[in-house]
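# Close look at the chain arrangement
Listed below, chain by chain, are the residues.
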Amino acid sequence: MPLSLVRLLGLAVGLAIGMVGAGAAQAAPVDWSLEVARAALTNEQGKPFSGASRAWHYTQGFYLHGIGLVYERTRDPRLLTHLKQWGARHVEPDGRIVQAPGGASVDLSTLDNLMPGRVLLQLWRLTGEQRYRLAAETIRQRLKDWPRTMDGAFWHRDDPNSRFASNVIWADGTFMFAPFLVEYGRLFPADGTTGRDEAARQMEIYGRHLQDPETGLIWHAYDQDRDFAWARLPAPRHSPVLWCRAAGWYGLSLVAVLEALPQGHPHRTALLNRLVSLMKGYRAHQSATEYGWRQVMDGPDVIQTAGGPLANFVETSCSAMHSYVIGRAVAAFGLRLPDFHLAAMGLQAVTEQVSLNFVPETGIFRATLAGAVRGTGIGAGPADYLNSASIVDDALQGLGAFLAMYESSLRQPPPGSVRIHVQAEAGKVTAPLHMVAFPNQAGVTLVAAPAGTNSLASVAAAGRDLIHIQLAKAGKYRLWGRFLAPSLARNSLWVRVDAGSWQLWDARPHGETLFWEPLRTGIGYARLVVLALAAGPHTIELANREGGTGIDRVLLTSAPTYVPDRSD
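Treat the numbers as computed from the prediction; the structure is a model and nothing was measured.

By secondary structure assignment, the location of Leu528 is in strand S19 (residues 527–528). Not counting residues up to four positions away in its chain, the partners in contact with Leu528 are Leu337, Phe340, Arg478, Pro518, Leu519 and Arg520.

A volume near 740 Å³ is recorded for the largest pocket. Taken together, the elements giving at least two residues each to the lining of the largest pocket come down to helix H4 (58–74), helix H6 (117–127), helix H8 (171–187), helix H10 (244–258) and helix H12 (316–333). Class assignment for the residues of the lining of the largest pocket results in twelve nonpolar, four polar and nine charged.

Under the counting rule described, the total for this entry stands at one disulfide. Across a sulfur-sulfur distance of 1.8 Å, Cys244 and Cys318 are joined as a disulfide pair. Across the S-S bond linking Cys244 and Cys318, the dihedral sits near 80 degrees, which makes this disulfide right-handed. Linking Cys244 in helix H10 with Cys318 in helix H12, this pair joins segments that are 74 residues apart in sequence. This pair shows no difference in class: Cys244 is buried, exactly as Cys318 is.

The subject of this paragraph is empty space enclosed by the protein. Considering all chains together, one arrives at one cavity of 30 Å³ or more under this definition. Its boundaries defined by the atoms lining it, the largest cavity holds a volume of some 40 Å³. Every residue lining the largest cavity is listed: Gln348, Thr351, Glu352, Arg482, Leu514, Phe515, Trp516, Asp565 and Arg566. Among the elements of the structure, helix H13 (340–351) and strand S17 (514–518) are those that each provide at least two residues to the lining of the largest cavity.

Pairing of strand S5 (residues 354–359) with strand S6 (residues 364–369) involves six bridges; the strand directions are antiparallel. By the bridge assignment for S6, Phe358 is matched with Phe365. The antiparallel hairpin formed by S5 and S6 contains four residues in its connecting segment, where Gly363 sits at a positive phi of about 75 degrees.

Before going further, it helps to examine the confidence of the model for the protein chain. In the predicted model, the protein chain carries a mean pLDDT of 89, and the fraction of residues at 70 or more is 90%. Counted against residues more than four places away or in other chains, residues 1–27, with its pLDDT under 50, gives 61 contacts. Ignoring residues within four places in sequence, the model shows residues 48–53, a span with pLDDT below 50, making eleven contacts including any to other chains.

Next up on the list: the packing of aromatic side chains. This model, assessed by the stated rule, comprises 16 aromatic pairs. Aromatic side chains Phe228 and Trp230 sit 5.0 Å apart centroid to centroid with 15 degrees between the ring planes, which places their arrangement in the stacked category. Aromatic rings pair up to connect Tyr58, Phe62, Phe175 and Trp249 into one cluster.

Before going further, it helps to spend a moment on H12. Taking 1.5 Å of rise per residue, 18 residues should cover 26 Å, and H12 covers 25 Å from first to last C-alpha, within 8% of that figure. Judged by how many residues are buried, H12 sits mostly within the fold: 16 of 18 residues are covered. Following H12 by one or two positions, Gly334 adopts a phi angle in the positive range, close to 70 degrees.

Strand order in this open sheet of five strands is S10-S13-S21-S15-S16, and the pairing throughout is antiparallel. With partners counted over all chains shown, the strands left at the sheet margins are strand S10 (428–429) and strand S16 (503–506), one partner each. When strand S13 (residues 464–471) meets strand S21 (residues 536–544), the two strands line up antiparallel, connected through eight bridges. Within S21, the residue paired with Ile467 across the bridge is Ile540.

With 123 residues, the main nonpolar core has Leu111, Leu120, Tyr206, Val257, Leu275, Tyr282 and Phe402 as its most contacted residues. In terms of residue count, H10 provides more of this core than any other element does, ten residues in total. Setting aside its immediate chain neighbours within four residues, Leu111 contacts Leu143, Trp146, Phe154, Trp155, His156, Gly173, Met176, Phe177 and Tyr206. Formed by 28 residues, the second largest nonpolar core is a distinct cluster that contains Leu479, Val495, Leu533 and Val554.

The rules we used
- Residues numbered from 1 in each chain as written.
- Predicted model: local features only at pLDDT ≥ 70, side-chain atom pairs only at ≥ 80, totals over all residues.
- Heavy atoms only, no water.
- Helix = DSSP H or I, 4+ residues; strand = E, 2+ residues; numbered from the N terminus.
- Contact = heavy atoms within 4.5 Å.
- 1 Å grid on protein atoms, 1.4 Å probe; cavity = no way out; pocket = protein on both sides within 12 Å on 5 of 7 lines; lining within 4 Å.
- Points joined across faces, edges and corners; volume = space filled by probe spheres on them.
- Nonpolar A, V, L, I, M, F, W, Y, C, P; charged D, E, K, R; others polar.
- Disulfide = S-S within 2.5 Å.
- Buried < 20%, exposed > 50% of the residue type's maximum accessible area, 1.4 Å probe, protein only.
- Pairing = 2+ DSSP bridges.
- pLDDT = per-residue confidence, 0-100.
- Phe/Tyr/Trp six-rings, centres within 6.5 Å; stacked < 30°, edge-to-face > 60°.
- Expected span 1.5 Å × (residues − 1).
- Core = buried A, V, L, I, M, F, W, Y, C linked by side-chain atoms within 4.5 Å.

Okay, here's the thing in structure tokens:
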């Protein structure tokens, strides 16, 4: 069923952000994270009462943490009920962490099983129940006693008899403990700066062993003792594959820790440099055609292996992680603003992986997230990461990453932010610009032109689309357009605001799909244009430049890090 009908049925839930101006009235946008969260409950994905041995695990914890983020914004009671059901199952009134009520204690000998501690902190904040504070203290104490490598990095598993444990670290491990440590210290001042400082130190040691100095990306694992075949001489001690989700786990942990470090902290500069290097890797390895990131990050679209050629697919969970990290790097730490465009493209690519499907048996729509892989062990080569059978719908890693991305400033700007949506065809359109139905999506009309006017000197002869808007308040605004840009030869328009100078509006080519593009300028169109606009009436004027380019709608927003998606 087309999305337009979904909107008519009232399934979508609007975001609580002011929208003013001519042309702004339209159907409420789909709140994708709320729909994904609700559907996960409907699908019984991650349900606490199934798979008891797996119900307390990092995959469960990541997904539930995302559910908690959506709840804190929407206050949907079903989401809190889901969290509390999980908490009641796994935490006894005395704070003991168990596999099931009255059952055996959960094995806390692996970092993976410490990650749900972050959900305990959420539950403590949301409910005030002492059981969750006591259980979180148990996780904190385990980390105080955790075994370490020669230079102080936490082992991935506290089990000297396991080959996956002794002096082996995984990039995944940073996410299992670092965000918990900084959040624990924030909620429990008696911990002082101990957890925060430990998290920062760990991130630096892990980065020293796992961050590739050439690409800035992250190796999956490091083996101090060279017990693994991939770490034996003459090979390096790190695993040989730059796995997409390794860079995601480390990136999520890095921004969480950096946000907790004050200016002048002894590890802050080094960790910021690591974030800069990671951003360099994201920049160089984003897919030029699909706008996410591939499973083997530094590999081509197809990788030749001993078993034959294998597709190096774009993976949903890591693409969501990287988009989140880029957004935080720009918004919180002032890193390169041009990189924000990577997050914009990545967010849209990930959101395209969500589908709303009508389920006749229940009479409801169900959101499904595609394209994420299940858990991945340490691989000795690319082939170990490219099993297409591991791509499943609603993988918990994908759900957690999607919800975290969608609940970030990329989609949830500050209250009071202005967003004005205007359908392009709502303006005054003159030939050769004309309106045409977009064949790939019902109900979408484009303003397009059969021919272009490449010369700025001849733009006066171009067709026009004159759009009027009304601003309730003055501010700094960014302009976005939802483009059809099939190729490099058909991907641009002219634009001017309030009869000012004409500017080239260049969109990144993306075939026969519609993607949002911000107005950019400068060398390589790398600088986002900021419009200082007064309250009152304004005009946005479009003119054709290259034939075959189309535009569906425009969006003006005062939120500097907001990225529209297909629901806008």
